[in-house]
Amino acid sequence: MLFAALVVAGACLGPSTALASGVWSAPDKIGTGLGFVSVSCSSATFCAAVGTNGGPSGYALTYNGTSWSPTYIGIAAGAVSCASASFCVAVDGKNALTYTTATAPKKHRPAHN
């Protein structure tokens, strides 16, 4: 109940100064027919986005500050988080996939209980 009251109170305050002073770029088409659902940026020159083509497999895109590069990742990831330009984790509810600049993406499955 307290959480809901705080959210409602925060919504009444209007946009933050940071959002009000920023400027969005023009749209940059990053994929055709791909449903990207999560993006994480560790800096202005590195972002990763994950999504699916509607099936059980998925794609990731990385951004270098200028352009997006696609990579097939094999899981329909629903979320991605990047701690730095050299480390990200994507998850699909059953698997975790790590991205590092030192190795290719590595799929991790949870231990069976």
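Shown above is the structure to which this text applies.
Residues numbered from 1 in each chain as written. Predicted model: local features only at pLDDT ≥ 70, side-chain atom pairs only at ≥ 80, totals over all residues. Heavy atoms only, no water.

### Looking at the sheet that holds strand β1 (residues 35-43)
Okay, step 1: Pairing within the open sheet is antiparallel, and its 4 strands lie in the order β1-β2-β3-β4. A strand with exactly one partner marks an edge of an open sheet, and here the two such strands are β1 and β4 (68-72). This sheet shows a mean twist of 20 degrees between the axes of neighbouring strands, independent of strand direction.
Okay, step 2: One ladder, built from 6 bridges, connects strand β2 (residues 46-52) with strand β3 (residues 58-63); its direction is antiparallel. Paired with Cys47 across the bridge in β3 is Tyr63. (Pairing = 2+ DSSP bridges. Helix = DSSP H or I, 4+ residues; strand = E, 2+ residues; numbered from the N terminus. Axes fitted to C-alpha atoms, helices over the stretch in contact; angles between N-to-C directions.)

### Concerning the packing of aromatic side chains
Okay, step 1: The tally for this structure, following the rule as stated, stands at 3 aromatic pairs.
Okay, step 2: Each ring, one from Tyr59 and one from Tyr72, has its centre 5.7 Å from the other, and the planes form 75 degrees; the classification is edge-to-face. With Tyr59 in strand β3 and Tyr72 in strand β4, this residue pair connects regions lying 13 residues apart in the sequence.
Okay, step 3: Overall, the relative accessible area of 25% leaves Tyr59 in the partly exposed class.
Okay, step 4: Between Tyr63 and Trp68, the aromatic rings sit 4.9 Å apart at their centres with planes inclined by 35 degrees, giving tilted as the arrangement. (Phe/Tyr/Trp six-rings, centres within 6.5 Å; stacked < 30°, edge-to-face > 60°. Buried < 20%, exposed > 50% of the residue type's maximum accessible area, 1.4 Å probe, protein only.)

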